[in-house]
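Listed below are the residues making up each chain.
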Amino acid sequence: MVAPFGSLPSINKRENYNTKREYYFMTTYTKYRTFCLPKEIVDLLFLSAHISPIENNKESEIIIGLTVINDILSKSNQNRNLEEYPFHFIPMDSRYLQLKYGNDYNNYMTWLVVNNIIWHDFYYEGRATYYYLQLMETYILKTNSLVKINGDKIEDVVYTYCLRDNIQITLESTDAKGIKAIQKSRIYDSWYRIKVPITKTNKKFLTKDYEADSKEINNAPTHVKKMGSYYRKNLELNYGEAIAHTEKQYLKELEASANSDEESKAFKRYSSRISSINNIHNGRNNKTLRFKRNDTNKRLDTNLTNMASDLRPFIVGYENMSYLDLSNSQPVLFNILLKKHREGASDKVIKELDRYLEATTSGLWYEELIRVFDITKYGDPKTTTFATSRNTAKKTWMLLAYSQNKDLRGLKKRFAEEYPFISSVMKSIKKEKYEQFAIALQIIESEVFIDKICRILVNEGILPYTLHDGLLVSNEFEKRTFDVMSEVLKNEIGVVPQIKIENNL
């Protein structure tokens, strides 16, 4: 099939065209937006544009497609509690899409859905539409089918459209030993690094997030402004080591996978980590570093807060850093909400609040839940350990705290038998919208860590990286950071809670 923009040039013409194109780039463009995306997804995007392009489109469906794919891939790992889900996905409100891509946004999203590059669930009141990437097998099967029907060569199609949109593209194979053998014909280790020149027309959606963050940083309180500038100037990863670790972890998970569903989940975790690494690597030049306070919960969202914890040791300079983390932070911070209920409370309620305060601030809340729900009684005795029981207790807390009041009634009834007053407070906060409990705790967390602890530290010349309920600082500032955290938390809660410290000293 002939490409919509003319047949592929001959080798000589192609070389001549490429020379002119390189000169054009050197004399005209100086800034690029770089994407690192799985080859299989990009191949289907290019092939779809080749076979069924959008008619009368104002923007390139290729470039918008790359942006949407990257958004879903890189932002889906924000939902860390859903990491086991096999698909990458994010909610995208129509207002956000219109602001980013213009009034024609629906044409591009529909085109991506029709061509099986993404899919979406149905909108229902009170929630944005969720957009998903397909399983990798879907991209491979669809691409192979189109190639067979039309007789095109993927590399020729990609080349043609790179010429059309002035895109520079290189194929990177991670070459993790053993992956191809396990995956047989499915290749999960090939990625395109794609450099898209930033123009006046595409700038609004290629760099919009970064520029919006820049504006927010400049208008933020002084301490947040300094943290943002420091973050953008200094954050970098040991790229090769981080990639090698991610490949090794992926191979390990593939070997342990019992079925295709587990393989898909392993790929999702792997591709999230690859995306996280590439968004930080040269992130300032690529406009992929994020530093923004969430409008809803006031948390400071950055690449680090969305990055898997096993990648943290690859931060440049990490060997000279200390990480200070508030143990079981959400249950601890709930004490701040509970403080107002102490005044005029009965002795019985005060005793319950004291028991909760002691269990949470000592770092033993999940151990308390093991007792409450008799968690060690369940599960296979051969595989049930203290660690697995504690993890079950942590998940149980999340179910109690972040589900609707009408759900899990048996579980909540048992909790209410041990903590009746606290159970009633949780229930009342979630009465109108169950999400409000989680949001309330996150707002408190942000006020304590960003507006109080970090303000003091920055005013003393200590610039931390924040990870919601934890701070990463130079080893030399470990003691002072611990003291500030202890002082602020004691003032807010009434006692000093357990603060874990990790360092490489």
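Residues numbered from 1 in each chain as written. Predicted model: local features only at pLDDT ≥ 70, side-chain atom pairs only at ≥ 80, totals over all residues. Heavy atoms only, no water.

Some remarks on helix 6 (residues 136–150)
Which entries qualify depends on this criterion: Strands are runs of DSSP state E lasting at least two residues, helices are runs of H or I lasting at least four, and both sets are numbered from the N terminus onward. To estimate how far a helix should reach, multiply one less than its number of residues by 1.5 Å. Only protein chains enter the accessibility calculation, which uses a 1.4 Å probe; a residue is then buried when its area is under 20% of its type maximum, exposed when over 50%, and partly exposed in between. Working rule for contacts: check all heavy atoms of both residues, and any pair within 4.5 Å makes them a contact.
Here helix 6 spans 21 Å end to end across 15 residues, near enough to the 21 Å set by a 1.5 Å rise per residue. All buried positions along helix 6 are accounted for by Met 136, Glu 137, Tyr 139, Ile 140, Thr 143 and Leu 146. Buried residues belonging to helix 6 abut strand 1 (32–38), helix 2 (39–51), strand 4 (129–133), helix 7 (154–165) and helix 13 (260–280). In the stretch just after helix 6, Gly 151 is the one whose phi turns positive, near 70°.

Quick notes on the pairing of strand 1
For clarity, the cut-off: Only when DSSP finds a minimum of two bridges between them are two strands counted as paired.
Most of strand 1 sits out of view: seven of its seven residues are buried. Of the pairings in the sheet, the one linking strand 1 to strand 6 (residues 190–197) comprises seven bridges and is antiparallel in character. Residue pairing in the sheet places Phe 35 in a bridge with Ile 194 of strand 6.

Things to note about the packing of aromatic side chains
The criterion, for reference: Between rings of Phe, Tyr and Trp, where Trp is taken as its six-membered ring, a pair exists when centres lie within 6.5 Å; planes separated by under 30 degrees are stacked, by over 60 edge-to-face, and by other angles tilted. Working rule: Lys NZ or Arg CZ, within 6 Å of ring centre, within 35 degrees of ring normal, means a charge sits over the ring.
On inspection of all chains with the given rule, the structure shows 22 aromatic pairs. On the numbers, 5.6 Å between centres and 40° between planes, the contact of Tyr 230 with Tyr 465 is tilted. Of this pair, Tyr 230 sits in helix 11 (residues 222–234) while Tyr 465 sits in strand 10 (residues 465–466), placing them 235 residues apart in sequence. Judged by relative accessible area, which is 27%, Tyr 230 ranks as partly exposed. Here the aromatic cluster, defined as three or more aromatic residues joined through ring pairs, consists of Phe 334, Tyr 356, Trp 365, Trp 397, Tyr 402, Phe 415, Tyr 419 and Phe 437. Cation over ring: Arg 232 sits above Tyr 210, and NZ or CZ is 3.7 Å from the ring centre. In this structure, Arg 312 is placed above the aromatic ring of Tyr 323, and the distance from its NZ or CZ to the ring centre is 4.4 Å.

Section: empty space enclosed by the protein
Test applied: In the cavity and pocket records, a cavity denotes points on a 1 Å grid over the protein atoms alone where a 1.4 Å probe fits but cannot get out, a pocket denotes an open set with protein on both sides within 12 Å along at least 5 of 7 lines, and lining residues are residues with an atom within 4 Å of a point. Grid points are joined across faces, edges and corners, and a volume is the space filled by probe spheres set on the points. Each residue is assigned to one of three groups, with Ala, Val, Leu, Ile, Met, Phe, Trp, Tyr, Cys and Pro labelled nonpolar, Asp, Glu, Lys and Arg labelled charged, and all others, Gly among them, labelled polar.
Counted by the stated rule, this structure contains six cavities of 30 Å³ or more. Considering only enclosed or pocket space, the largest cavity measures out at about 100 Å³ in volume. Breaking the lining of the largest cavity down by element, the ones donating at least two residues are helix 6 and helix 13. With three residues, the top contributor of residues to the lining of the largest cavity is helix 13. Tallied by class, the residues present in the lining of the largest cavity amount to ten nonpolar, three polar and one charged.

What to know about the packing of helix 2 against helix 6
Note the following rule: Axes, fitted as lines to C-alpha atoms, cover a helix only where it is in contact. Angles between the N-to-C directions of the axes lie from 0 to 180 degrees. By definition, any crossing whose near helix is turned counterclockwise from its far helix by less than a right angle is left-handed, and any crossing with a clockwise turn is right-handed.
Close contact between helix 2 and helix 6 brings their axes to 9 Å; oriented N to C, the two are set at 35°. The two elements helix 2 and helix 6 cross, and the hand of that crossing is left-handed. For the pair helix 2 and helix 6, the contacting residues are Glu 40, Ile 41, Asp 43, Leu 44, Leu 47 and Ile 51 in the first and Met 136, Tyr 139, Ile 140, Lys 142, Thr 143, Leu 146, Val 147 and Asn 150 in the second. Among the residues making up the contact of helix 2 with helix 6, the classes are represented as nine nonpolar, two polar and three charged.

As for the nonpolar core
This is how the line gets drawn: The definition of a nonpolar core used throughout is a set of buried Ala, Val, Leu, Ile, Met, Phe, Trp, Tyr and Cys residues joined through side-chain atoms within 4.5 Å.
Among the nonpolar cores identified, the biggest contains 129 residues, and Leu 66, Phe 334 and Trp 397 are the most heavily contacted of them. At ten residues, the largest contribution of residues to this core is made by helix 21 (residues 435–459). Contacts of Trp 397, omitting those with residues within four sequence positions, involve Gln 330, Pro 331, Phe 334, Tyr 356, Trp 365, Tyr 366, Leu 369, Tyr 402, Met 426 and Phe 437.

Focus: the pattern of salt bridges
Note that side chains of opposite charge can pair when their charged atoms are close. Here is the rule: By definition, a salt bridge exists where a carboxyl oxygen of Asp or Glu is found within 4 Å of a side-chain nitrogen of Lys or Arg.
By the definition in use, this model includes 31 salt bridges. Among the ionic pairs, Glu 59 bridges to Lys 204, the shortest N-O distance being 2.9 Å. Taken together, the residues Glu 59 in the loop between helix 2 and helix 3 (61–75) and Lys 204 in helix 9 (residues 203–206) connect sequence positions 145 residues apart. For Lys 204, a relative accessible area of 34% puts it in the partly exposed group. Among the salt bridges present, the one from Glu 460 reaches Arg 480, with a minimum N-O distance of 2.7 Å. Placement of the pair is Glu 460 in the loop between helix 21 and strand 10 and Arg 480 in helix 22 (residues 478–493), with a sequence separation of 20 residues. Classification of Arg 480 by relative accessible area gives partly exposed; the value is 29%. One salt-bridge network, held together by shared partners, links Arg 355, Glu 368, Arg 371, Arg 414, Glu 417 and Glu 418.

Concerning the confidence of the model for the chain
Formally: Values of pLDDT, ranging from 0 to 100, describe the predictor's confidence in every residue of the model.
For the chain, the mean per-residue pLDDT works out to 86, and 86% of the residues sit at or above 70. Looking over the chain, one finds the lowest element-wise mean pLDDT in helix 1 (residues 11–28), namely 45, and the highest in helix 22, namely 97. Every residue in residues 1–27 is under pLDDT 50, and counting partners more than four places away or in other chains gives 36 contacts.

Regarding the packing of helix 11 against helix 21
Two packed helices can be described by the angle between their axes and the distance between those axes. Filter applied, for reference: Oblique is the label for every angle not falling under 35 degrees (roughly parallel), over 145 degrees (roughly antiparallel), or within 65 to 115 degrees (roughly perpendicular).
Where helix 11 meets helix 21, the closest approach of the two axes is 9 Å, and the angle between their N-to-C directions is 70°. Taken together, the axes of helix 11 and helix 21 are roughly perpendicular relative to one another. Residue-level contacts link His 223, Val 224, Lys 226 and Met 227 of helix 11 to Ile 450, Asp 451, Cys 454, Arg 455 and Val 458 of helix 21. Along the lines of polarity and charge, the residues of the contact of helix 11 with helix 21 split into five nonpolar, one polar and three charged.

Description of the sheet that holds strand 11 (residues 470–474)
Pairing within the open sheet is antiparallel, and its four strands lie in the order 10-11-9-12. Each edge of the open sheet is held by one strand with a lone partner, namely strand 10 and strand 12 (499–503). The pairing of strand 9 (residues 321–326) with strand 11 spans five bridges and is antiparallel. Residue pairing in the sheet places Met 321 in a bridge with Ser 474 of strand 11.

What to know about the side chain of Ser 275
Within the secondary structure, Ser 275 is located in helix 13. In contact with Ser 275, other than residues within four places in its own chain, are Leu 73 and Ser 74.

Looking at the sheet that holds strand 2 (residues 89–92)
Read across the open sheet, the three strands follow the order 2-4-3; overall the sheet is antiparallel. Unpaired on one side and paired on the other, strand 2 and strand 3 (118–120) mark the two borders of the sheet. Pairs of neighbouring strands in the sheet enclose a mean axial angle of 30°, with direction left out of account. Here four bridges tie strand 2 to strand 4, and the two strands are oriented antiparallel to one another. Within strand 4, the residue paired with Met 92 across the bridge is Thr 129.

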